[in-house]
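Read off the chains here:
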Number of protein chains: 2
Amino acid sequence: MAQPDTVTRILDTAEVLFAERGFAETSLRNITSKAKVNLAAVNYHFGSKKSLIQAVFARYLEPFSERFHRALDELEARHARDGSEIPLEELLETMARTVLEVPAERDSLKVFMRLLGLAYSQAQGHLRGYIQSEYGDVFSRFTELVRRATPELPDAERFWRLHFILGSVIFTLSGLDALRDIAEHDYGERVSVHELIGRLRPVVVSAMQAPMPGA
Amino acid sequence: MAQPDTVTRILDTAEVLFAERGFAETSLRNITSKAKVNLAAVNYHFGSKKSLIQAVFARYLEPFSERFHRALDELEARHARDGSEIPLEELLETMARTVLEVPAERDSLKVFMRLLGLAYSQAQGHLRGYIQSEYGDVFSRFTELVRRATPELPDAERFWRLHFILGSVIFTLSGLDALRDIAEHDYGERVSVHELIGRLRPVVVSAMQAPMPGA
DNA sequence: GGCGTTTTCAAACAAATGTTTCCAACCACA
DNA sequence: TGTGGTTGGAAACATTTGTTTGAAAACGCC
């Protein structure tokens, strides 16, 4: 798995097409023809279509994981000094910042969110297991910090609420263009990703602080 | 499209398999063999696989649309008598109740949510058009009632929050199996769809009542 | 320049897919 | 009972899928 040109051209194209149509609906011939690469190149460089899908994910998750670990290191160190617990807002803020930092390409955030959504909803399979086994520790670390920031929540409740929130983020960011068009047409204001996350923040915090069901 | 036995057996099986694996990953042979029906029966009764998917979808959305209209009629009539505005909680409660009432089979809700997610993610753009043209009036009616229930929110803010919430619902319900597996593995409790919506309710209400961004 | 390795390429492969065909079985109605 | 339209069924159809092959081309290095 060497020579960058062909490999990255495959990755770039695959990432876009996967996001547009999904994994099963995107054939290797779609990818290779659009990338102007021989069909066999995928199997030569990646081994299989499955591995290609994982490679597309790895290209995002690797830098994200590294940066997020560093950001959490810093956050923990800062609060370790004065012995205070890290508040939820700061955790969410740190994650949002890291998510926004990572993408090198312009719409790669949108693409990655869509891929993440697909990974979850195309339930059965290798992808979720791969992500969990490869990058599970970052997320475990994050959720553990969230646990300490919200000690009043039962573990299961926190789990579900975090996934409710994940759904909001994935849905709005992956469908960003469509939603933004509707919003612009109906309300005449075009929001940026930063503004959107600004709108998301108070909603997410309120969601986590909602009363327990049955009250 | 007559004789109920074969047709409904196909619909029932397709619905379950679509929910488990997704649409592209479910072949007609998977469906027909499990339904103990001849392979050609699908094309005979429905015309094509795409039409089958729409038929599965329509079987849910048609009764939902009708019931939801009736429920909103009743809700509006009740509040028209004493001149009070319909509170947000009641609107959400009505929708949740209708959503849960409809499915005859266990998995049709999941299928519906998955389709809805696909329709929005623009991957299958024609689906959103189909939904909008066929059943758009119900949703317009609902959002108008939500508008009256939350007069303090600017229109754009309400728009975005409703879609944040829609994302939560679609994500958790369409990826239900995956999430449920994780939750069961980690916390040892297997939640029902009813319980999940029960957990969703207070979170959604809090999300709608969150303070405006910038405070 | 020559040689071993890596990469590209066209072609073929086997398997799986949605769809169609053609005929038998069925069923209502005369 | 016979007849015409509807449904069921086995097989074949044409495509499309991911993958493999074997040879040509490009490359790196002594």
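First things first, this report covers the structure right here in the doc. Only a predicted model underlies this, so the values are computations on that prediction, with no experimental measurement involved. (Residues numbered from 1 in each chain as written. Chains lettered and ligands numbered in written order. Predicted model: local features only at pLDDT ≥ 70, side-chain atom pairs only at ≥ 80, totals over all residues. Heavy atoms only, no water.)

Below, the discussion takes up the relation of the copies chain A and chain B. You can overlay chain A on chain B at an RMSD of 1.8 Å; the transform is a turn of 178° with a shift of 0.4 Å along its axis. Given the turn and translation reported, the copies of this chain are related as if by a two-fold rotation axis. Both copies present the same face, since 95% of the interface residues in chain A are matched by interface residues at the equivalent positions in chain B. (Least-squares fit on C-alpha atoms with pLDDT ≥ 70 in both. Contact = heavy atoms within 4.5 Å.)

Within the structure, DNA strand D sits among 17 residues, and A:Arg29, A:Lys49, B:Thr6, B:Asn38 and B:Tyr44 are positioned closest to it. For DNA strand D, the fraction of protein-proximal atoms (within 4 Å) that sit in sugar or phosphate groups is 49%. Within the backbone of A:Leu28, a nitrogen or oxygen atom sits 2.9 Å from a phosphate oxygen of DNA strand D. A total of three residues in the surface near DNA strand D trace back to one element, the largest contributor, which is helix α3 (residues 40-46) of chain B. Taken together, the residues that form the surface near DNA strand D break down as six nonpolar, eight polar and three charged. (Near = heavy atom within 4 Å. Polar contact = N/O pair within 3.5 Å; in protein donor to acceptor, adjacent residues only side chain to side chain. Helix = DSSP H or I, 4+ residues; strand = E, 2+ residues; numbered from the N terminus. Nonpolar A, V, L, I, M, F, W, Y, C, P; charged D, E, K, R; others polar.)

Next up on the list: the environment of A:Ile86. All names here are of chain A. Here Ile86 is to be found in the loop between α4 (49-82) and α5 (88-101). Sequence separation between Ile86 and Glu76 is 10 residues, and the spatial gap between their C-alpha atoms is 7.4 Å. In this view, Ile86 contacts Leu75, Glu76, His79, Leu91, Leu145 and Ala149; residues no more than four positions away in its chain are not counted.

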